[in-house]
Amino acid sequence: MKANRFYRVVRAIVIPLLHMFFPYKITGKENVPAEGPVLLVSNHVSDFDPAFIVCGLNRKITYLGKKELFRFRILKWFFSNLGVIPVDRGGTDMHAMRASLSVLKEGGVLGIFPQGHRYKKDDNRDIENGASLLALK
């Protein structure tokens with residue numbers, strides 16, 4: 001899946017800003033295939049996690065994001081143009097599941113945070129089963 005112009009512009013702006021304010025080092029990106037479907041599963045400890053991951057890969061990442069991100073018109077426009085798939089975390093969201101499978105069938109990269117929320121150090125909640133279900137499909 002190719003990144004649209006908006007995704008590329010936002011990425012071009014965010015990369016230098018993250019490097020300037022939060023110097024980071026990327027390791028392991030050689031383990032992500034250059035093409036073909038990829039299910040990218042990560043812990044979620046900060047609001048910046050999606051941005052850091054996007055900046056670390058040269059492929060467009062389509063993320064699953066909580067539907068609450070789409071509450072306000074400007075945020076809905078922003079996240080929709082980045083290709084974020086809204087997901088209802090309260091139950092089985094078949095629309096999000098179909099959209100996720102479509103990304104993978106088209107050879108894209110699907111980013112998912114299996115806890116379904118930001119993870120705190122002493123948080124012992126179970127992870128959601130969406131990532132494993134997508135991997136099995």
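Residues numbered from 1 in each chain as written. Predicted model: local features only at pLDDT ≥ 70, side-chain atom pairs only at ≥ 80, totals over all residues. Heavy atoms only, no water.

Draft legend 1. Fine view of the overall build of the protein. Tallying secondary structure elements over the protein gives five helices and four strands in all. Along its sequence from the N terminus, the protein presents helices and strands in the succession α-β-α-β-α-β-α-β-α. Residues counted as buried form 35% of the 137 residues belonging to the protein. Considering only contacts in the protein between residues 6 or more positions apart, those separated by 24 or more positions represent 62%. With the model as given, the accessible surface of the protein reaches about 9300 Å², and the carbon-plus-sulfur share is 58%. (Helix = DSSP H or I, 4+ residues; strand = E, 2+ residues; numbered from the N terminus. Buried < 20%, exposed > 50% of the residue type's maximum accessible area, 1.4 Å probe, protein only. Contact = heavy atoms within 4.5 Å. Areas by Shrake-Rupley, 256 points an atom, 1.4 Å probe, with all protein chains shown as cover.)

Draft legend 2. Molecular detail of the nonpolar core. In this structure, Tyr7, Leu40, Ile53, Ile61 and Tyr63 are the most contacted members of the largest nonpolar core, which totals 16 residues. Residue assignment for this core shows that the elements contributing at least two residues are α1 (5–21), β1 (38–41), α2 (49–56), β2 (61–66) and α3 (73–82). Those residues in contact with Leu40 that sit more than four places away from it in its chain are Ile53, Leu57, Ile61, Val109, Leu110, Gly111 and Ile112. Counting residues in each nonpolar core, the second largest holds eight residues, with Val87, Val103, Leu110 and Ile112 among its members. (Core = buried A, V, L, I, M, F, W, Y, C linked by side-chain atoms within 4.5 Å.)

Draft legend 3. Spotlight on the packing of α1 against α3. Close contact between α1 and α3 brings their axes to 8 Å; oriented N to C, the two are set at 100 degrees. With respect to each other, α1 and α3 are oriented roughly perpendicular. Within the contact between the two elements, α1 uses Phe6, Tyr7 and Val10 and α3 uses Trp77, Phe78, Asn81 and Leu82. The class makeup of the residues in the contact of α1 with α3 is six nonpolar, one polar and no charged. (Axes fitted to C-alpha atoms, helices over the stretch in contact; angles between N-to-C directions. Parallel < 35°, antiparallel > 145°, perpendicular 65-115°, else oblique. Nonpolar A, V, L, I, M, F, W, Y, C, P; charged D, E, K, R; others polar.)

Draft legend 4. Local environment of the pairing of strand β4 (residues 109–112). Taking every second residue as pointing to the same face, both faces of β4 are buried, with Val109 and Gly111 on one and Leu110 and Ile112 on the other. Taken together, the four bridges between β1 and β4 define a ladder with parallel strand orientation. Across the sheet, residue Leu40 finds its bridge partner in β4, namely Gly111. (Pairing = 2+ DSSP bridges.)

Draft legend 5. Here's a closer look at the pattern of salt bridges. Per the counting criterion, the structure on display carries one salt bridge. Note that Lys67 is salt-bridged to Asp88, the shortest N-O span being 3.7 Å. With Lys67 in the loop between β2 and α3 and Asp88 in the loop between β3 (85–87) and α4 (94–105), the pair connects residues that are 21 residues apart, well separated along the chain. Overall, the relative accessible area of 41% leaves Lys67 in the partly exposed class. Residue classification places Asp88 among the partly exposed positions, given a relative accessible area of 32%. (Salt bridge = Lys/Arg side-chain N within 4 Å of Asp/Glu carboxyl O.)

Draft legend 6. Highlighting the sheet that holds β1. Here four strands make up an open sheet; going across it, the order is β1-β4-β2-β3 and the pairing parallel. Sheet topology places β1 and β3 at the edges, where each strand pairs with a single neighbour. Geometrically, the sheet is characterised by an average inter-axis angle of 25 degrees between neighbouring strands, direction not taken into account. Of the pairings in the sheet, the one linking β2 to β4 comprises three bridges and is parallel in character. Across the sheet, Thr62 pairs through a bridge with Leu110, a residue of β4.

Draft legend 7. Geometry of the environment of Tyr63. Summarising the element assignment, Tyr63 is placed in strand β2. The buried category is assigned to Tyr63, whose relative accessible area is 8%. Put simply, Tyr63 and Pro50 are 13 residues apart on the chain and 7.9 Å apart in space, counted from C-alpha to C-alpha. Dropping the residues within four chain positions of it, Tyr63 is found in contact with Asp49, Pro50, Ile53, Val54, Gly83, Val84, Ile85, Gly111, Ile112 and Phe113. At 3.5 Å, the side chain of Tyr63 and the backbone oxygen of Pro50 are in polar contact. (Polar contact = N/O pair within 3.5 Å; in protein donor to acceptor, adjacent residues only side chain to side chain.)

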